[in-house]
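The chain contents come next:
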Amino acid sequence: MCYAIPGKVEKIEGKIATVNYFGEKKTALNELVSLKVGDYIYAQGGFAIEVVPEKEALEILAVWKETFFELQDVDMRLSRLDLEKKGIDKKLTRILDIAAECRTVKADDLLYLLKLEKDEELDLLFKTANFLRRKYLGNSCCVHGIIEFSNYCSQDCSYCGISIQNKSLQRYRMTKEQIVASAIEAHDKYGFKALVLQSGEDPSYSVEDLCELIREIKSKIPVLIFISVGEVGITGLKKLYDAGARGLLMRFEASNPKLYQALHPGKDYASRIKHLEEAYKIGYLIITGGLIGLPNQTAEDLLSDILLAKKLHAEMYTFGPFLPHPETPLAKAPPPKTKDVLKVLAVARIADPKNAKILVTTGFETLDIKAREEGLMAGANSVMLNVTPDEFKKNYSIYPNRAHIDEPLQEQIEKTLAILRGLGRAPTDLGISNA
Ligand code: 5AD
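Residues numbered from 1 in each chain as written. Predicted model: local features only at pLDDT ≥ 70, side-chain atom pairs only at ≥ 80, totals over all residues. Heavy atoms only, no water.

Give a description of the overall build of the protein that names residues and reports values.
Counting its regular elements, the protein contains 15 helices and 16 strands. Taking 2.2 N^0.38 as the reference for a compact globule, 435 residues should give roughly 22 Å; the C-alpha atoms of the protein span a radius of gyration of 21 Å, in line with that estimate. Projected onto its principal axes, the C-alpha coordinates of the protein cover approximately 55 × 55 × 40 Å. Out of the 435 residues in the protein, the part that is buried amounts to 58%. Of the accessible surface of the protein, which amounts to about 18200 Å², a share of 53% is contributed by carbon and sulfur atoms. Separation between the mean location of the 58 positive side-chain charges and that of the 60 negative ones in the protein comes to 4 Å. (Helix = DSSP H or I, 4+ residues; strand = E, 2+ residues; numbered from the N terminus. Rg over C-alpha atoms; globule rule 2.2 N^0.38 Å. Buried < 20%, exposed > 50% of the residue type's maximum accessible area, 1.4 Å probe, protein only. Areas by Shrake-Rupley, 256 points an atom, 1.4 Å probe, with all protein chains shown as cover. Lys, Arg positive; Asp, Glu negative; His and termini not counted. Charge placed at Lys NZ, Arg CZ, Asp CG, Glu CD.)

Structure (structure tokens):
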């Protein structure tokens, strides 16, 4: 199974390689010492990660070529912007016209979109977001894998089921060997090219342990590694980057400092933001975002969440619903509605139309079984599959009844590919920008 299309290197200038995919040219940052013009490579998140032998590349491309253009046709048909504007509020029409022409939509107008409630208006909003996704990013859809290697956590975030306060949870910690073996299986057997290593804030793994883990994985398989282990300090971030991590997944959770403080006793909002800012400066790809539907959260808060993710240079936006966990202080707070989540995805797309990868989270799929299709048709273009071994993943209980928890990985992959195919999307990650 393959989650990226090999491309042919046409030009190398300094650290930038220009790569050709069926005539479309993209650029990738080259960290492969021996890369030459004419080589075939896999790129992930804008990094060239692996040279593919020519024979193998040509075989894969032959299979892809048949479907590549067919998928694009399906996507083109499904994302056509046929805005039926009869009876629709003039202000909405004006805002969506500005968005569709890719002119900047002002913050007040983004807020107006976040406050829409009527189904026919929401339908136009989602169509516009989907149109922009196709126009600027084509039909590629990131499929990253995530390994949740420890559910121990020293923090007590008031919404989170693996918080230190949850005494009834069975805790686990995978050994370094188990984590490396899962990563190798995800790459060799299932074809993942980008993996997130996630855990609670578990002091048992020192930064040095994590560095060793990353170095070992990188020495065995060519993957793009994202870390998601909470706040490790700026020096920690530097060390992990030097060990080979290239992405940081860290939500700021809530951009409103008061809301953040109320949910994260003893934590420092400024420190969270500092991690994200410094990580970008170090060179990390940033995946960030927040929770939707938190108690006391307003539409203004959600708008500032979206704008903060953009300001932090999110290469991927991760916004998911708050889901009440019975063993937390927020057990009785209601989750948001599906349309509240879709609105955030669509407005994020309109706020950052050209570059953003926008994730349909597992949390959203837990809230609504149709989330993947609906999210992908409302501006989103990324999914993450859980590649944690079955024996552990059921205890990574950040919220209850997680989607796909009983599905073996092969089944998750098949279902995902079927959905992507139906929507005309290719499971690829073709790089940072058009050359
Ligand atoms: N509902 C939804 N998402 C949650 N997370 C933690 N607890 C919950 C919950 N109850 C999310 C946080 C964190 C990610 C790993 O899990 O946003 O960043």
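Back to the write-up after that little detour.
Explain the packing of helix α3 (residues 107–114) against helix α11 (residues 338–351) to me, using residue names and the numbers behind them.
Their axes nearest at 9 Å, the elements α3 and α11 cross at an angle of 155°. Between α3 and α11, the interaxial angle falls into the category roughly antiparallel. As α3 packs across α11, the resulting crossing turns out to be right-handed. Residue-level contacts link L110, L113 and L114 of α3 to K343, V344, V347, I350 and A351 of α11. (Axes fitted to C-alpha atoms, helices over the stretch in contact; angles between N-to-C directions. Parallel < 35°, antiparallel > 145°, perpendicular 65-115°, else oblique. Left-handed = near helix turned anticlockwise from the far one by under 90°. Contact = heavy atoms within 4.5 Å.)

Any details on the nonpolar core? Residues and values, ideally.
Formed by 109 residues in total, the largest nonpolar core has its most connected members in L113, F192 and Y284. Sorting elements by how many residues they give to this core places α11 first, with nine residues. Among the nonpolar cores identified, the runner-up in size contains 35 residues, and I41, F68, V196 and I287 belong to it. (Core = buried A, V, L, I, M, F, W, Y, C linked by side-chain atoms within 4.5 Å.)

So what's going on with the site of the ligand? Which residues, and what values?
The environment of the ligand is formed by Y159, C160, Q198, R251, E253, L291, P321, F322, L323, I398 and Y399. For the ligand, a nitrogen atom lies 2.8 Å from a polar atom in the backbone of Y159. Between the ligand and E253, the relevant distance is 2.6 Å, taken from an oxygen atom to a side-chain nitrogen or oxygen of the residue. Across the complex, the protein chains shield 88% of the 400 Å² of accessible surface that the ligand would expose by itself. Classifying every residue of the shell around the ligand gives eight nonpolar, one polar and two charged. (Near = heavy atom within 4 Å. Polar contact = N/O pair within 3.5 Å; in protein donor to acceptor, adjacent residues only side chain to side chain. Nonpolar A, V, L, I, M, F, W, Y, C, P; charged D, E, K, R; others polar.)

Pulling in residues and values, what's your account of the packing of aromatic side chains?
The relative placement of two aromatic rings is captured by the distance of their centres and the angle of their planes. Across all of its chains, the model carries seven aromatic pairs by this definition. On the numbers, 5.0 Å between centres and 85° between planes, the contact of F149 with Y205 is edge-to-face. Of this pair, F149 sits in strand β6 (residues 142–150) while Y205 sits in the loop between β7 (194–199) and α6 (207–220), placing them 56 residues apart in sequence. Each member of the pair, F149 together with Y205, is buried. Grouping aromatic residues by their ring pairs yields a cluster made of F22, F68 and F69. The ring of Y152 carries R173 above its face, with NZ or CZ at 3.9 Å from the centroid. Taking the ring centre of Y42 as reference, the NZ or CZ of K193 above it sits at 4.1 Å. (Phe/Tyr/Trp six-rings, centres within 6.5 Å; stacked < 30°, edge-to-face > 60°. Lys NZ or Arg CZ within 6 Å of the ring centre and 35° of its normal.)

Which residues make up α11, and what values do they have?
Over its 14 residues, α11 runs 20 Å from end to end, which matches the ideal 20 Å to within 8%, given 1.5 Å per residue. When you tally the buried positions in α11, you get 12 out of 14 residues, the bulk of the element. When α11 is considered as a whole, its buried residues turn out to be T338, V341, L342, K343, V344, L345, A346, V347, A348, R349, I350 and A351. (Expected span 1.5 Å × (residues − 1).)

Before we move on, could you go through helix α1 (residues 54–78) and cite the residues and values that matter?
Compared with an ideal rise of 1.5 Å per residue, which puts 25 residues at 36 Å, α1 spans 34 Å between its outermost C-alpha atoms and is within 8% of the ideal. Of all the bends in α1, the largest measures some 40° and sits at W64. Of the residues making up α1, those classed as buried are A57, I60, L61, W64, F68, L71 and D75. Looking at the packing, one finds that the buried side of α1 touches β3 (24–30), β4 (40–44), β5 (47–52), α4 (119–137) and α15 (409–422). (Bend = angle between axes of the 7 residues up to and from the residue.)

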